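If you want the building blocks of each chain, they are given just below.
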Amino acid sequence: MKCISVYTDNFEVFSDIFDRVVDSSLEENEEQEVEGITISNSGDVPEHYLERMSQKPEVVVMRDKSRGVTILQHGKVFEILLPVLETA
């Protein structure tokens, strides 16, 4: 899974830029600013990361089933976990 971090604790702001963030073409470890909010491609995360994080009481887990995207919110960051298509 690819992880894009969005550095804000404001859900409304996150919601406003969500589509642009998901559609962005950030390279691994690249940072960008979208409407004054820093976003970063944090690279790939292992499958167990989602399971481990979702067990923590301070982490909110949201899903966008239509895109297969999972969103984790904790502290002042949202993490968007995107499925990575395997290429043969």
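Residues numbered from 1 in each chain as written. Predicted model: local features only at pLDDT ≥ 70, side-chain atom pairs only at ≥ 80, totals over all residues. Heavy atoms only, no water.

Chemist: What's the story with the overall build of the protein in this structure? I'm lost.
Modeler: Per the secondary structure count, the protein includes two helices and six strands. Across the protein, helices and strands are ordered from the amino to the carboxyl terminus as β-α-β-β-α-β-β-β. Against the 2.2 N^0.38 benchmark of 12 Å for 88 residues, the protein shows a C-alpha radius of gyration of 12 Å, consistent with a compact globule. Projecting the C-alpha coordinates of the protein onto the three principal axes gives extents of approximately 35 × 35 × 25 Å. By element, 45% of the accessible surface of the protein is carried by carbon and sulfur atoms, the whole surface being about 5600 Å². Positive and negative side-chain charges in the protein, numbering 8 and 18 respectively, have mean positions lying 6 Å apart. (Helix = DSSP H or I, 4+ residues; strand = E, 2+ residues; numbered from the N terminus. Rg over C-alpha atoms; globule rule 2.2 N^0.38 Å. Areas by Shrake-Rupley, 256 points an atom, 1.4 Å probe, with all protein chains shown as cover. Lys, Arg positive; Asp, Glu negative; His and termini not counted. Charge placed at Lys NZ, Arg CZ, Asp CG, Glu CD.)

Chemist: When you look at the pairing of strand 1 (residues 2-6) in this model, what are you seeing that I'm missing?
Modeler: Sheet faces and side chains relate simply in a regular strand, where the side chains alternate between the two faces. Judged by how many residues are buried, strand 1 sits mostly within the fold: four of five residues are covered. As defined by bridge partners, strand 1 adjoins strand 3 (residues 37-44) across five bridges and the pair is classed as antiparallel. Residue pairing for strand 3: Lys2 is matched across the bridge by Asp44. Two strands pair when backbone bridges link them, and strand 1 and strand 6 (residues 77-82) are joined in this way by five bridges, in the antiparallel orientation. Each bridged residue has a counterpart across the sheet, and for Ser5 the counterpart in strand 6 is Glu79. (Buried < 20%, exposed > 50% of the residue type's maximum accessible area, 1.4 Å probe, protein only. Pairing = 2+ DSSP bridges.)

Chemist: Looking at this structure, I do not really get unusual backbone geometry. What am I missing?
Modeler: Excluding glycine, residues mostly have negative phi values, and the peptide bonds linking residues are mostly trans. Not every positive phi belongs to a glycine, and Asn29 is a case in point at roughly 65°. One can find Asn29 in the loop between helix 1 (11-22) and strand 2 (31-34). Classification of Asn29 as exposed rests on a relative accessible area of 60%.

Chemist: Sorry if this is basic, but what is going on with the sheet that holds strand 4 (residues 60-64) here?
Modeler: The strand order across the open sheet built from six strands is 2-3-1-6-5-4, with neighbouring strands paired in antiparallel fashion. Every interior strand has two partners, whereas the edge strands, strand 2 and strand 4, have only one. Between one strand axis and the next, the sheet turns through 25° on average, direction left out of account. Helix-sheet contacts for helix 1 involve strand 1, strand 2, strand 3, strand 4, strand 5 (69-74) and strand 6, and the interaxial angle to strand 6 is about 30°. Packing of helix 2 (residues 47-54) onto the sheet brings it into contact with strand 4, strand 5 and strand 6, and relative to strand 5 it is tilted by some 45°. (Axes fitted to C-alpha atoms, helices over the stretch in contact; angles between N-to-C directions. Contact = heavy atoms within 4.5 Å.)

Without other data, these values stay purely geometric and don't point to any function.
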